[in-house]
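The primary structure of each chain is shown beneath.
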Amino acid sequence: MAVEVLGLVLSPTWVLACGAISLFFLYDNWCHNFWQRRGVPAVPAWPVVGNLPEFRVGIATAVRELAARHGRVYGFYDNRLPAVVCGDPDMVKQVMVKSFNHFVNRRKLPINNKETEEAVGNLRDDHWRNVRNMIAPAFSGSKMKQMSPMVKEIADRMVENIRKYQEADGYFECKQVYGSFVMDTIASCTFGLDVDSHADPDNPFVAHGKKAFEVSLTNLGLIIATFLPWTSPILKFFNFTLFPRDSIGFFRDVAQKAIEIRKAPNADRQKSKKVDLLQIIVDAQKSEGEDDVENETDIHDAIFELHEDTSQNRKRRSEVKLTDSEIMAQAVIFFIGGYDTTGGLLVFASYLLALHTDVQEKLIAEIDELLPSGDDVGYTTVSKLPYLDNVICETLRCYPPTPVVDRDCNKPFTYNGTTIPEGTRVIIPIYAIHHDPELWPEPDKFDPDRFTKEERDKRHPFSWLPWGGGPRICLGMRFALMGAKVALVKVLQNYRLETCSQTKIPLELGKAGLLTPAHDVLLRARPRTAGEQNDC
């Protein structure tokens, strides 16, 4: 039976369809006015997808532009789900540390690989606490000292590779050279493998490693799950994964074999003199009693102490035993997580030093004075170079590896009159905080002197968050800093870094999740003269 509407004769099917569409958009509009109903400024939302299209210019660029338009704290819509962007350092401290029990978990990834679901960054609640407490000692200062000779040896190989590229082409490609260095370092320090990715690019470890790192926002499953969250179970059923299945499967098998060797009855006789993260974690499984206590202090202790959550009830490590699948997941994610972060830090630092020759000369002078020999380079010695630390810290301010981090609110939280309901995602825009002109005058200027002790003391401690913050601060921070500092010192003991005609200035940033250059970064490595060059 036809129905007449505004002079038009429509079938009941059309009437129902129009009614359903109208109700859909009314509901969508109601969802996208969540923050406005609560008097909280919010980014105007697109139908259905909310504010996700804002990220089409790249996550780092987007959060900085949004901060300029909407301030430090504002409402945001992840599809139809309300989220709040928090760029106020006081509120960040409250969320990350003081009220950590309200914000224990990170957002669950819409798709993942089975092999990495038990990685510490993906775990929640007590499962996360237990695994993190168990693996944390593997990243202590004393363990980094044991690994630093391996890192130095690989850095020497990297310096030789730079020489070959420079002599052949007149420049070297930073992402390629530093990527090989990081891959070899992580292979050695995580799995105990001697891999030379530059000399042996066809090595299965190298081939699968490069493939695993090619995760980006163009991943079809990730795009679908991001814009249509309800499809996640369907995508999982059809085996859509975040990382290539064959590559992650390869690393799973490598890790599993390594674990079996280390757990074998004659494992002590099979151990080499090398110390790797897998061996440390497996050894911790066998230890009894209280946690090991390190008597010596470390340059990075202050950062971890700032982000501790004293309300946590930590179990003795002897009360927690990791399964083989949990150990394997940590090994796989250590490898994947460390590649772009450390490699990116070295690329950005080298690029900035080539642009700012005055900073580079000051750093070279410090290295020459305090580390006159290449044999002196190690975890302890590079940690005692204050200007090097300033350069690294300022590089991380300009280009933090992760432009945003998030937390899920697991119980209602009120701050300055604004209530964040349970289930709401809190987005912390690290890149926007690092470029806030009120916190960092002339934020686009590269100035390592921002990190002298006097300047650090003046500044809000949560205005610098390259490793995230709170009890979920990046466990691999010490490892990444050691690798980057050792590599940079070895390079500058042999070369001065310069821009060349092939160097793209200004640097364009990629649009993927981690902050990386959009294009190759080509620099000239000018050998230091015989009279001034260290015996490296």
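Structure: above.
Residues numbered from 1 in each chain as written. Predicted model: local features only at pLDDT ≥ 70, side-chain atom pairs only at ≥ 80, totals over all residues. Heavy atoms only, no water.

**Section: the overall build of the protein**
Selection criterion: Each helix is a run of DSSP H or I of at least 4 residues and each strand a run of E of at least 2, with the numbering of both proceeding from the N terminus. Whether a residue is buried, partly exposed or exposed follows from its accessible area with a 1.4 Å probe, protein chains only, as a fraction of its type maximum: under 20%, in between, or over 50%, in that order. Note on contacts: a residue pair is in contact if any heavy atoms of the two residues lie within 4.5 Å. Exposure was quantified through the Shrake-Rupley algorithm and a 1.4 Å probe, taking into account, for residues, occlusion by the shown protein chains and nothing else.
When its secondary structure is counted, the protein shows 21 helices and eleven strands. Each of the 536 residues in the protein was classed as buried or not, and the buried ones make up 53%. Considering only contacts within the protein whose residues lie at least 6 apart along the sequence, 76% involve residues at least 24 apart. Carbon and sulfur atoms make up 55% of the accessible area of the protein, which totals about 24,500 Å².

**Thoughts on the sheet that holds strand β11 (residues 522-527)**
Rules: Two strands are counted as paired when DSSP detects at least two bridges linking them. Lines fitted to C-alpha atoms define the axes here, with helix axes fitted over just the stretch in contact, and angles between the N-to-C directions of these axes take values from 0 to 180 degrees.
Spatially, three strands are ordered β5-β11-β10 in an open sheet, and the strand pairing comes out antiparallel. Bordering the open sheet on either side are β5 (172-173) and β10 (495-498), each of which pairs with just one other strand. Its contacts with the sheet place helix α6 (residues 141-169) against β5, β10 and β11, and it is angled at close to 100° to β11.

**A few points about helix α18 (residues 386-398)**
Given 3.6 residues per turn, any residue in an α-helix points the same way as the ones three and four places further on. To keep it simple, the criterion reads: Here the expected span of a helix is defined as 1.5 Å times the quantity of residues minus one.
In a regular helix each residue adds 1.5 Å, so 13 residues correspond to 18 Å; α18 covers 18 Å between its end C-alpha atoms and thus fits that length. The element α18 is extensively covered by neighbouring structure, given that twelve of its 13 residues are classed as buried. Restricting attention to buried positions, one finds in α18 the residues Y387, L388, D389, N390, V391, I392, C393, E394, T395, L396, R397 and C398. Buried residues in α18 make contact with α15 (324-355), α16 (357-370), α17 (379-382), α19 (430-434), α20 (453-458) and α21 (477-494).

**Some remarks on the packing of α15 against α16**
Defined as follows: Comment on the angle field: the value is read as roughly parallel under 35 degrees, roughly antiparallel over 145, roughly perpendicular from 65 to 115, and oblique elsewhere. Only Asp, Glu, Lys and Arg are considered charged, only Ala, Val, Leu, Ile, Met, Phe, Trp, Tyr, Cys and Pro nonpolar, and every remaining residue, Gly among them, polar.
Where α15 contacts α16, the axes come no closer than 5 Å and their chain directions differ by 110°. On the basis of the axis angle, α15 is roughly perpendicular to α16. Seen from α15, the contacting residues are L353, A354 and L355; seen from α16, they are T357, V359, Q360 and L363. Here the residues of the contact of α15 with α16 sort into five nonpolar, two polar and no charged.

**With respect to the packing of helix α5 (residues 125-135) against α15**
When two helices pack together, their arrangement is given by the angle between the helix axes and by the axis-to-axis distance. In contact at an axis separation of 12 Å, α5 and α15 are set at 70° when each is read in the N-to-C sense. Taken together, α5 and α15 sit at an angle that is classed as roughly perpendicular. Across the interface between the two elements, H127, V131 and I135 from α5 touch E326, Q330 and F334 from α15. Looking at the contact of α5 with α15 residue by residue, the classes come out as three nonpolar, two polar and one charged.

**A few points about the environment of V40**
Structurally, V40 can be placed in the loop between α2 (34-37) and α3 (59-70). A relative accessible area of 11% places V40 in the buried class. Along the backbone, V40 and V73 are 33 residues apart, and their C-alpha atoms lie at a distance of 8.8 Å. When neighbours within four sequence positions are excluded, V40 is seen to be in contact with W35, G75 and T418.

**A short note on the sheet that holds strand β6 (residues 405-408)**
Across the sheet, four strands lie side by side as β3-β4-β9-β6; this open sheet has mixed pairing. Two strands lie at the open edges of the sheet, namely β3 (73-78) and β6, each paired on one side alone. For this sheet, the mean angle separating the axes of adjacent strands, direction not counted, is 30°. Across four bridges, β6 lies against strand β9 (residues 425-428) in antiparallel orientation. Residue pairing across strands places D408 opposite R425, the latter belonging to β9.

**Some thoughts on the pattern of salt bridges**
A side chain of one charge can pair with a side chain of the opposite charge when the charged atoms of the two come close. Note the cut-off: Within this document, salt bridges are pairs made up of a side-chain nitrogen of Lys or Arg and a carboxyl oxygen of Asp or Glu, the two lying within 4 Å of each other.
One pass over the full model with this rule turns up 29 salt bridges. Between R163 and E167 there is a salt bridge, with the nearest N and O atoms lying 2.9 Å from each other. Linking R163 with E167, this pair stays in helix α6, spanning four residues, or about one helical turn. Classification of R163 as partly exposed rests on a relative accessible area of 28%. Residues D389 and K485 are paired through a salt bridge, measuring 2.7 Å at the closest nitrogen-oxygen approach.

**What to know about helix α11 (residues 245-263)**
Between its terminal C-alpha atoms α11 stretches 26 Å, which fits the 27 Å expected from 19 residues at 1.5 Å a residue. Those residues of α11 lying buried are S247, I248, G249, F251, V254, A255, A258, I259 and R262.

**So, the packing of aromatic side chains**
For the record, the criterion: Classification of ring pairs rests on two measures: the distance between centres of Phe, Tyr or Trp rings, Trp counted by its six-membered ring, which must be within 6.5 Å, and the angle between planes, read as stacked under 30 degrees, edge-to-face over 60 and tilted in between. For a lysine, the NZ atom is tested; for an arginine, the CZ atom; a charge sits over a ring if that atom is within 6 Å of the ring centre and within 35 degrees of the ring normal.
Applying the stated criterion across every chain yields a total of 13 aromatic pairs. Judged by centre distance (5.1 Å) and plane angle (80°), the rings of F103 and F413 are edge-to-face. Here F103 is found in the loop between α4 (89-98) and α5, whereas its partner F413 is found in strand β7 (residues 413-415), with 310 residues between them in sequence. Like F413, F103 is buried. Aromatic side chains F348 and Y399 sit 4.1 Å apart centroid to centroid with 10° between the ring planes, which places their arrangement in the stacked category. Of the two residues, F348 is situated in helix α15 and Y399 in the loop between α18 and β6; the sequence distance between them amounts to 51 residues. Both residues of the pair, F348 and Y399, count as buried. Its end group placed over the ring of F451, R459 keeps NZ or CZ at 4.8 Å from the ring centre.

**Looking at unusual backbone geometry**
For the bond running from I505 to P506, omega is 0°, close enough to zero to count as cis. Even without a glycine there, the phi angle at N79 is positive, about 60°. Mapping N79 onto the fold places it in the loop between β3 and β4 (81-86). Classification of N79 as buried rests on a relative accessible area of 5%.

**A short note on the nonpolar core**
As a reminder of what qualifies: Put simply, buried Ala, Val, Leu, Ile, Met, Phe, Trp, Tyr and Cys residues joined by side-chain atoms within 4.5 Å make one nonpolar core.
M147, F172, Y178, F181, Y399 and I428 are the most contacted members of the largest nonpolar core, which has 149 residues in total. No other element matches α15, which puts 17 residues into this core. Look past the residues within four positions of Y399 in its chain and what remains in contact with it is F348, Y351, L352, L507, L509 and L515.

**What about the environment of C474?**
Mapped onto the elements of the fold, C474 is located in the loop between α20 and α21. Along the chain, C474 and G121 lie 353 residues apart, while their C-alpha atoms are 8.7 Å from each other.

**Overview of the pairing of β3**
On any regular strand, side chains alternate: one points to one face of the sheet, the next to the other face. β3 sits mainly inside the fold: five of its six residues count as buried. As defined by bridge partners, β3 adjoins β4 across six bridges and the pair is classed as antiparallel. When the sheet's bridge partners are listed, Y74 is paired in β4 with V85. The turn joining β3 and β4, which pair antiparallel and follow one another in sequence, is formed by two residues; a positive phi near 60° is taken by N79.

Nothing here speaks to function; it is geometry throughout.
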